[in-house]
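As a plain string of letters, each chain reads:
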Amino acid sequence: MAVVTGRSVEAPAAVKVAARGVRKVFTSRQGVQRAAIDGVHLDAAPGEFVSIVGPSGCGKSTFLYIVGGFVEPTAGGVTVDGRPVRAPGPERGIVFQESALFPWKTVLGNVTYGLAEQGLPRDRQRAVARMYLEMVNLRGVEGLYPKELSGGMQQRVAIARTLATDPDVLLMDEPFGSLDAQTRAILQIELNGIWERTGKTILFVTHSVEEAIFLSDRIYVFSARPATVKAVIPVDLPRPRDRDAIIQAPTYARLHRDIWELLRHEQKTDGERGRGDGH
Amino acid sequence: MATATSPSLDERPLGTAGQLSELLLPFATVTGVLGLWELAPRVGWLNGGVVPPVSEVLILIPGLFADPVFLPNVGASAFRWALGFALAILIGVPLGALMGRSQLAFDLIDPILTISYPIPRAALILILVLWFGAGDVSRVGIIILGCLIPIVISSYHGARGINPHLLWSARALGTGRAAALLKVVLPAALAQILSGLRLAIAISIFTLLASELLIRQSGVGAYLFTLLDNGQYHLVWACSIVIATAGFLLDVAYVRLIGWLLPWMEGQV
């Protein structure tokens with residue numbers, strides 16, 4: 001199924017997230033069935049950073065929502081630590097492209113939300129929330145409401161809110177997709193640092209090839225809709241990674257060219273251009 | 001809408017001329033209408049016996065409050081209004097929110113709304129009177145029925161239109177499916193629900209007065225229509241001004257209260 005270009009990929013020794021034969025068919029109101037995902041296999045080792053890139057509308061976000069337990073697959077399934085995913089759960093945190101912060105809660109209220117659901121005492125909630133706000137480089141905004149923050153700050157809060165409950169797996173659906181280039185670069189560097197410090201398993205959906213290479217251990221390239229795994233590309237760049245140095249590396253250029261080649265081919269064969277990202 | 005919420009500085013021109021005209025123009029409009037009202041009966045455009053000049057009406061207002069039966073009637077009306085409005089919220093918001101989140105609830109409830117929507121509220125008063133008699137049950141009932149539909153509809157649209165990512169975020173943070181209705185759906189739909197309630201306030205005051213016209217036992221409506229029957233047109237106007245002012249203040253208070261209780265919602269209701 002997975003066409004591996006370039007080198008061979010060893011199967012990960014231990015598996016944190018495993019998707020097997022995931023298929024999703026949407027039925028329109030007129031009863032027309034349309035496959036969004038057609039038999040995707042995916043593995044992520046514990047602590048691995050795995051990106052998913054693919055043409056827009058290919059169903060990569062839908063795949064992430066299936067891992068999250070928000071959308072039910074038509075066939076196949078996902079396991080986390082060997083347990084099948086049936087519903088959303090606190091061991092799988094999610095960050096969306098548009099900030100999904102609760103507008104009726106302050107920054108602090110948003111970050112403590114999941115901790116309150118876990119039943120932590122109030123002073124402990126605050127202490128933990130402050131620690132994670134510190135981790136995403138936010139200070140002095142605890143009492144503000146989300147609408148008072150810039151897009152980049154909102155995504156920082158969203159990341160802190162998700163990290164606060166300490167999920168094993170972080171699902172990120174184009175989290176920096178709506179940010180300007182500069183903010184995006186800064187947040188990529190910060191996320192890289194957070195991942196190195198926390199050792200989370202991250203599934204990261206993006207359509208930025210640069211972003212995927214800089215952040216990932218492995219990149220899954222999805223085909224046009226209905227999504228299949230077209231290639232799995234290991235990113236053999238040394239860590240810790242320096243964004244400026246990596247862009248200069250010959251390996252980076254080669255990976256970039258290979259992935260673009262795959263995506264360009266997909267765009268050409270994509271008969272029906274999807275609008276949006278197949279939510 | 002904009003008059004009661006505080007303008008944010010970045011949206012308005014800072015020039016003092018702009019601010020001054022913004023303050024003075026509504027004042028000028030009101031003054032113009034009052035001036036016309038004062039003038040028309042005096043120069044004979046209107047019958048001064050039925051539409052007295054505004055100055056003659058305004059001086060009667062203190063006397064109205066001095067009437068020992070006036071305030072008890074206002075109190076009776078206010079009590080029935082508050083009871084009916086509160087019950088309509090308690091019934092309408094959960095009903096609408098449930099319809100917005102459950103197709104089954106929608107399919108069950110929607111036909112009733114569709115059928116009852118075009119029925120005039122005045123006709124419903126008579127049906128309630130035949131059913132429950134000419135008492136408080138009917139008069140509170142008609143207030144509930146009068147404002148139930150805007151409350152249900154706004155709650156339905158509010159609950160239906162929420163960003164699903166908010167719900168998913170909460171579920172991933174450990175909130176159960178049922179608890180999410182209260183913790184996420186309700187606050188996320190609140191701006192629309194509160195807009196519906198604002199509309200319902202205006203409708204409920206109308207139905208309150210209409211019910212007191214038809215069931216004339218007590219209340220400010222009954223008081224008003226008795227004045228009309230007695231041909232005390234000056235007092236009819238004075239009483240109407242008091243009612244209109246009360247309605248206006250209620251609306252202003254409502255918007256202010258939301259701004260104060262829910263600072264994150266500023267400008268949305």
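Heads up: the structure comes first, above all this text.
Bear in mind the structure is a predicted one, so any value in this text is a computation, not a measurement.

## Describing the pattern of salt bridges
Point 1. Counting across every chain of the model gives 24 salt bridges over all chains.
Point 2. Note that K230 of chain A is salt-bridged to E266 of chain A, the shortest N-O span being 3.1 Å. Of this pair, K230 of chain A sits in strand β10 (residues 229-234) while E266 of chain A sits in helix α8 (residues 250-269), and the two are 36 residues apart along the sequence.
Point 3. For R198 of chain B, the salt bridge identified is with D251 of chain B, shortest N-O distance 2.8 Å. Note that R198 of chain B is positioned in helix α9 (residues 177-214) and D251 of chain B in helix α11 (residues 233-261), a separation of 53 residues in sequence.
Point 4. The exposure class of R198 of chain B is buried, given its relative accessible area of 16%.
Point 5. In this structure, a network of salt bridges that share partners links the residues D236, R254, R257 and D258 of chain A.

## Considering the interface of chain A and chain B
Point 1. Counting residues at the interface gives 23 residues for chain A, matched by 18 residues for chain B.
Point 2. Its largest share of buried area at the contact with chain B, chain A owes to W104, Y113 and E117 of chain A, together 31% of the area lost on that side.
Point 3. One can count one salt bridge joining chain A with chain B.
Point 4. Our count for the contact surface shared by chain A and chain B stands at five residue pairs in polar contact (both at pLDDT 80 or more).
Point 5. Elements that contribute at least two residues to the side of chain A that touches chain B include exactly β6 (92-95) and α2 (107-117) of chain A.
Point 6. With three residues, the single largest contributor to the side of chain A that touches chain B is α2 of chain A.
Point 7. Tallied by class, residues from the side of chain A that touches chain B come to 15 nonpolar, four polar and four charged.

## Focus on the packing of aromatic side chains
Residues and elements named next belong to chain A.
Point 1. This structure, assessed with the given rule, holds 18 aromatic pairs over all chains.
Point 2. Ring geometry for F63 versus F222: centroids 5.7 Å apart, planes at 70°, classification edge-to-face. Here F63, found in helix α1 (residues 60-68), pairs with F222, found in strand β9 (residues 218-222); they are 159 residues apart in sequence, far enough to count as distant.
Point 3. On the basis of relative accessibility, which here comes to 0%, the residue F222 falls in the buried class.

## Details of the environment of D229 of chain B
All names here are of chain B.
Point 1. In this structure, D229 sits in helix α10 (residues 220-229).
Point 2. According to the relative accessible area criterion, D229 is exposed, its value standing at 53%.
Point 3. Put simply, D229 and L90 are 139 residues apart on the chain and 37 Å apart in space, counted from C-alpha to C-alpha.

## Topic: the layout of surface pockets
Point 1. Considered as a void within the structure, the largest pocket measures approximately 830 Å³ in volume.
Point 2. Around the largest pocket, the lining is made up of 30 residues, and of these G69 and F70 of chain A together with W168, R171 and R177 of chain B lie nearest the centre.
Point 3. If you list the elements that add at least two residues to the lining of the largest pocket, you get α1 and β4 (75-80) of chain A together with α4 (70-101), α8 (164-172) and α9 of chain B.
Point 4. Here the lining of the largest pocket gets five residues from one element, more than from any other, and that element is α8 of chain B.
Point 5. Each residue belonging to the lining of the largest pocket can be placed in one class, and the counts come to 18 nonpolar, seven polar and five charged.
Point 6. Taken together, 16 residues make up the lining of the second largest pocket; nearest its centre are V74, A78, L208, V220 and A246 of chain B.
Point 7. Elements with a contribution of two residues or more to the lining of the second largest pocket: α4, α9 and α11 of chain B.

## As for the sheet that holds strand β2 (residues 33-44) of chain A
Residues and elements named next belong to chain A.
Point 1. One open sheet holds the four strands; their spatial order is β2-β1-β4-β5, and the pairing between them is antiparallel. For this open sheet the edge positions go to β2 and β5 (83-84), each flanked by a neighbour on one side alone.
Point 2. The sheet contact formed by strand β1 (residues 17-27) and β4 spans five bridges and is antiparallel. If you follow V17 over to β4, its bridge partner there is V80.

## Re a nonpolar patch on the surface
Residues and elements named next belong to chain B.
Point 1. Together, L36, L39, V43, W45 and L46 make up a nonpolar patch on the protein surface, roughly 520 Å² of accessible area in all.
Point 2. Position of L46 among the secondary structure elements: in the loop between α1 (16-43) and α2 (54-58).
Point 3. Judged by its relative accessible area of 41%, L46 falls in the partly exposed class.

What counts, and at which threshold
- Residues numbered from 1 in each chain as written.
- Chains lettered and ligands numbered in written order.
- Predicted model: local features only at pLDDT ≥ 70, side-chain atom pairs only at ≥ 80, totals over all residues.
- Heavy atoms only, no water.
- Salt bridge = Lys/Arg side-chain N within 4 Å of Asp/Glu carboxyl O.
- Helix = DSSP H or I, 4+ residues; strand = E, 2+ residues; numbered from the N terminus.
- Buried < 20%, exposed > 50% of the residue type's maximum accessible area, 1.4 Å probe, protein only.
- Contact = heavy atoms within 4.5 Å.
- Buried area = accessible area lost by both parts, 1.4 Å probe.
- Polar contact = N/O pair within 3.5 Å; in protein donor to acceptor, adjacent residues only side chain to side chain.
- Nonpolar A, V, L, I, M, F, W, Y, C, P; charged D, E, K, R; others polar.
- Phe/Tyr/Trp six-rings, centres within 6.5 Å; stacked < 30°, edge-to-face > 60°.
- 1 Å grid on protein atoms, 1.4 Å probe; cavity = no way out; pocket = protein on both sides within 12 Å on 5 of 7 lines; lining within 4 Å.
- Points joined across faces, edges and corners; volume = space filled by probe spheres on them.
- Pairing = 2+ DSSP bridges.
- Patch = residues over 30% accessible without salt bridge, like charges linked within 9 Å, V, L, I, M, F, W, Y side chains within 5 Å.
- Areas by Shrake-Rupley, 256 points an atom, 1.4 Å probe, with all protein chains shown as cover.

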